[in-house]
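Observations on the model geometry
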Amino acid sequence: LVLSSFLFNKQIDGLKKQIDNIYFGNLIPIVKLQIIADNYQEIVSCRKVKYNCDIKEKEEIIFQEWSYYNNTYKNADERVVVDTINEEIHASFNENNIQNFKNILARVDFLIQYETQVAFKERKKFVEDYENMKKYLFYSISIILFLSFIVIVYIMFQVIKKDKQLTVLNKKYKIDSITDS
């Protein structure tokens, strides 16, 4: 029973890590990217209407949110793409060209779609692991109940056996006591 508790605890910890990975590894970056995309969209909209727009506030928000996203874990292939986009984001504000802003917006939308796909894959993996854990839990509880049943039957068998022995001894002593008298 104690061993099963430790095993269940380990399984639950694994599921918690997967939930954290889905939330912090996929959902938060998507939110950050969406904030970046919204700010770029506002810059593009403003630049379409008038050339001189005060984009300093948007630029600060974009850099802050991008810094968070850029510092999250990425594998080697993802890191190459993110580093390229990082350079383009910094260059877009130096050049202050509406076409550059539109290109960055398209790249951020690509990252949002990519992170969404990764989140769906992580969720699918989580659901599979969850189903496996449920089966594992069911089989473990079944085995524990079966073993408990066997132990109870064994104990009852031993009690019945001792009771029969005591009954036989009791009859024997009764006979001996009658003979002695």
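Cut-offs applied
- Residues numbered from 1 in each chain as written.
- Predicted model: local features only at pLDDT ≥ 70, side-chain atom pairs only at ≥ 80, totals over all residues.
- Heavy atoms only, no water.
- Helix = DSSP H or I, 4+ residues; strand = E, 2+ residues; numbered from the N terminus.
- Rg over C-alpha atoms; globule rule 2.2 N^0.38 Å.
- Buried < 20%, exposed > 50% of the residue type's maximum accessible area, 1.4 Å probe, protein only.
- Contact = heavy atoms within 4.5 Å.
- Axes fitted to C-alpha atoms, helices over the stretch in contact; angles between N-to-C directions.
- Parallel < 35°, antiparallel > 145°, perpendicular 65-115°, else oblique.
- Left-handed = near helix turned anticlockwise from the far one by under 90°.
- Nonpolar A, V, L, I, M, F, W, Y, C, P; charged D, E, K, R; others polar.
- Salt bridge = Lys/Arg side-chain N within 4 Å of Asp/Glu carboxyl O.
- Expected span 1.5 Å × (residues − 1).
- Arc of directions from axis to C-beta.
- Polar contact = N/O pair within 3.5 Å; in protein donor to acceptor, adjacent residues only side chain to side chain.
- Phe/Tyr/Trp six-rings, centres within 6.5 Å; stacked < 30°, edge-to-face > 60°.

1. Overview of the overall build of the chain
A tally of helices and strands in the chain yields four helices and zero strands. The order of α-helices and β-strands along the chain, N terminus first, is α-α-α-α. The globule rule puts the C-alpha radius of gyration for 181 residues at 16 Å, and the 35 Å found for the chain is more than 25% above it. Here the C-alpha coordinates of the chain stretch approximately 125 × 25 × 20 Å along the principal axes.

2. What to know about the environment of Ile55
Looking at where Ile55 falls in the secondary structure, it is placed in the loop between α1 (2-49) and α2 (56-70). According to the relative accessible area criterion, Ile55 is buried, its value standing at 11%. Taking C-alpha positions, Ile55 is 6.6 Å from Ile43, a pair spaced 12 residues apart along the chain. For Ile55, the residues in contact, after removing those within four places along its chain, are Ile43, Phe93, Asn96 and Phe101.

3. Digging into the packing of α2 against helix α3 (residues 76-95)
In the contact formed by α2 and α3, the axes pass within 12 Å of each other and the chain directions differ by 165°. Classed by the angle they form, the pair α2 and α3 counts as roughly antiparallel. Viewed along their axes, α2 and α3 form a crossing whose handedness is left-handed. Contacts between α2 and α3 involve Glu59, Ile62, Phe63, Trp66, Tyr69 and Asn70 on the former and, on the latter, Arg79, Val82, Asp83, Ile85, Asn86, Ile89, His90 and Phe93. Looking at the contact of α2 with α3, its residues break down into eight nonpolar, three polar and three charged.

4. As for unusual backbone geometry
Of note, the phi angle at Asn96 is positive, near 55°, even though the residue is not glycine. Structurally, Asn96 can be placed in the loop between α3 and α4 (98-180).

5. Comments concerning the environment of Lys134
Looking at the element boundaries, Lys134 is found in helix α4. With relative accessibility at 40%, the residue Lys134 sits in the partly exposed group. Sequence spacing of Lys134 and Lys10 is 124 residues, and the spatial spacing of their C-alpha atoms is 13 Å.

6. Digging into the pattern of salt bridges
Going through the model one piece at a time under the given rule, you end up with seven salt bridges. A salt bridge links Glu42 to Lys58; the nearest nitrogen and oxygen atoms lie 2.5 Å apart. Remark: Lys58 occurs in helix α2 and Glu42 occurs in helix α1; sequence separation between them is 16 residues.

7. Quick word on α3
Working note: α-helix, 3.6 residues per turn, so residues spaced by three or four point in the same direction. The end-to-end C-alpha distance of α3 is 29 Å, a good match for the 28 Å that 20 residues give at a rise of 1.5 Å each. Of all the residues in α3, the buried ones are Glu78, Val82, Ile85, Asn86, Ile89, Ser92 and Phe93. Axial view of α3: buried residues confined to an arc of 125°, hence all on one face. Facing away from the buried side of α3, by more than 90 degrees, are the exposed residues Ala76, Asp77, Val80, Glu87, Asn94 and Glu95. One side-chain oxygen at the N-terminal end of α3 lies 3.1 Å from the backbone nitrogen of Asp77; it belongs to Asn75. Backbone geometry just after α3 places Asn96 at a positive phi near 55°.

8. Topic: the environment of Val82
Counting through the fold element by element, Val82 comes out in helix α3. According to the relative accessible area criterion, Val82 is buried, its value standing at 2%. In the structure, Val82 is positioned 25 residues away from Arg107 in sequence and 9.7 Å away in space, judged by C-alpha atoms. Excluding its chain neighbours within four sequence positions, the residues that come into contact with Val82 are Trp66, Tyr69, Asn70 and Lys74.

9. Comments concerning the packing of aromatic side chains
This structure, assessed with the given rule, holds seven aromatic pairs. Aromatic rings pair up to connect Tyr40, Phe63, Phe93 and Phe101 into one cluster.

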